[in-house]
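Commentary on secondary and tertiary structure
Here are the chains, one letter per residue:
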Amino acid sequence: MERLETVDEIVERYCVASSPGKSKLYVGLGSLFLVFAVIGIWIPGWPTISWAVPAAFLFSLSSERMFRLTLTNRYFGAAMFDYYATGKTIPRHAKYATVGLITLMASLSAYFVWHVSSRGDGVLSDPASWNGADPGFGSGAIILVGLIGMWYVGFKVPTRE
């Protein structure tokens, strides 16, 4: 696929025309997520980017004007422009970093869930002494979801050089 060079080309190819009702719903949800993102600026531990990304996505779905604002935003517009201009792909290094972070976070999460819920007060080297309420389903579910995420990012998300 050839690279799109202007905002007009991107809007022509990717902008989704919504009905007025859907547009208002998307703007409302996007605004709610944006409020949550702003809260994250001042509250430690509260995510900011995790709320800002879906807000930008919902705004881009709401109308052509909001989609243009998303693509030309001075903070994240360049990254959004590149994403759409190259056919909704991510760079290879970003893909590796994403898979690595999914691996790290799924592993840590599974370990801590196992440590608290499965092992309980038992001794690590003696599985018979583990007295937690969860027989391992929580950790297993986290590992399964992590593997699905790694597979999806690794094989289904298009890569650009």
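Refer to the structure presented above.
Summarised in this report is the structure supplied together with it. (Residues numbered from 1 in each chain as written. Predicted model: local features only at pLDDT ≥ 70, side-chain atom pairs only at ≥ 80, totals over all residues. Heavy atoms only, no water.)

Let us look at the overall build of the chain. The helix and strand tally for the chain stands at seven helices and two strands. Starting at the N terminus and ending at the C terminus, the chain contains elements arranged as α-α-α-α-α-β-α-α-β. For 161 residues, the compact-globule estimate of 2.2 N^0.38 gives 15 Å, and the C-alpha radius of gyration of the chain, at 21 Å, exceeds that figure by more than 25%. In terms of overall dimensions, the chain has a C-alpha envelope of 65 × 35 × 30 Å along the principal axes. With 161 residues in all, the chain has 27% of them scored as buried. Summarising the internal contacts of the chain: among those between residues at least 6 apart in sequence, 59% fall at separations of at least 24. For the chain, the exposed area adds up to about 10,600 Å²; of that, 69% sits on carbon and sulfur atoms. In the chain, 13 positive and 11 negative side-chain charges are present, and the distance between their average locations comes to 5 Å. (Helix = DSSP H or I, 4+ residues; strand = E, 2+ residues; numbered from the N terminus. Rg over C-alpha atoms; globule rule 2.2 N^0.38 Å. Buried < 20%, exposed > 50% of the residue type's maximum accessible area, 1.4 Å probe, protein only. Contact = heavy atoms within 4.5 Å. Areas by Shrake-Rupley, 256 points an atom, 1.4 Å probe, with all protein chains shown as cover. Lys, Arg positive; Asp, Glu negative; His and termini not counted. Charge placed at Lys NZ, Arg CZ, Asp CG, Glu CD.)

What follows concerns the nonpolar core. With 10 residues, the main nonpolar core is built from Leu4, Val7, Ile10, Val11, Tyr14, Phe67, Leu71, Phe81, Tyr84 and Ala85. No other element matches helix α1 (residues 7–14), which puts four residues into this core. (Core = buried A, V, L, I, M, F, W, Y, C linked by side-chain atoms within 4.5 Å.)

Turning our attention to the environment of methionine 80. Within the secondary structure, methionine 80 sits in helix α5 (residues 77–85). Along the primary structure methionine 80 and alanine 56 are separated by 24 residues, whereas in three dimensions their C-alpha atoms are 9.4 Å apart. Excluding anything up to four places from it in sequence, methionine 80 contacts Thr70 and Leu71.

Among the residues making up helix α4 (residues 64–72), those that are buried are Met66, Phe67, Thr70 and Leu71. Seen end-on, α4 carries its buried residues on one side only, within an arc spanning 140°. Within α4, the exposed residues directed more than 90 degrees away from the buried face are Arg65 and Thr72. Residues of α4 that are buried sit in contact with α1, α3 (49–62) and α5. (Arc of directions from axis to C-beta.)

To continue, consider the packing of α1 against α4. Two elements in contact, α1 and α4, have axes whose closest approach is 10 Å; the angle formed by their N-to-C orientations is 130°. With respect to their mutual orientation, α1 and α4 come out oblique. Between α1 and α4 lies a crossing whose hand is right-handed. Residues Val7, Asp8, Ile10, Val11 and Tyr14 of α1 form the contact with α4, whose participating residues are Glu64, Phe67, Arg68, Leu71 and Thr72. Broken down by class, the residue content of the contact of α1 with α4 amounts to six nonpolar, one polar and three charged. (Axes fitted to C-alpha atoms, helices over the stretch in contact; angles between N-to-C directions. Parallel < 35°, antiparallel > 145°, perpendicular 65-115°, else oblique. Left-handed = near helix turned anticlockwise from the far one by under 90°. Nonpolar A, V, L, I, M, F, W, Y, C, P; charged D, E, K, R; others polar.)

Turning to the packing of aromatic side chains, a few remarks are in order. Summed over all chains, the structure comprises 11 aromatic pairs. Residues phenylalanine 36 and tryptophan 51 carry aromatic rings whose centres are separated by 4.7 Å and whose planes lie at 65° to one another, so their mutual orientation is edge-to-face. Residue phenylalanine 36 is located in helix α2 (residues 20–42), and its partner tryptophan 51 is located in helix α3; the two are separated by 15 residues in the primary sequence. When the ring of phenylalanine 67 is compared with that of tyrosine 84, the centres are 5.2 Å apart and the planes differ by 90°; the resulting orientation is edge-to-face. Here the residue phenylalanine 67 occupies a position in helix α4, and tyrosine 84 occupies one in helix α5, the gap between them amounting to 17 residues. (Phe/Tyr/Trp six-rings, centres within 6.5 Å; stacked < 30°, edge-to-face > 60°.)

A few words now on the side chain of threonine 70. Mapped onto the elements of the fold, threonine 70 is located in helix α4. Excluding its chain neighbours within four sequence positions, the residues that come into contact with threonine 70 are Ala56, Phe59, Ser60, Phe76, Gly77 and Met80.

Note that every value here comes from positions in space, so none of it alone points to a role or purpose.
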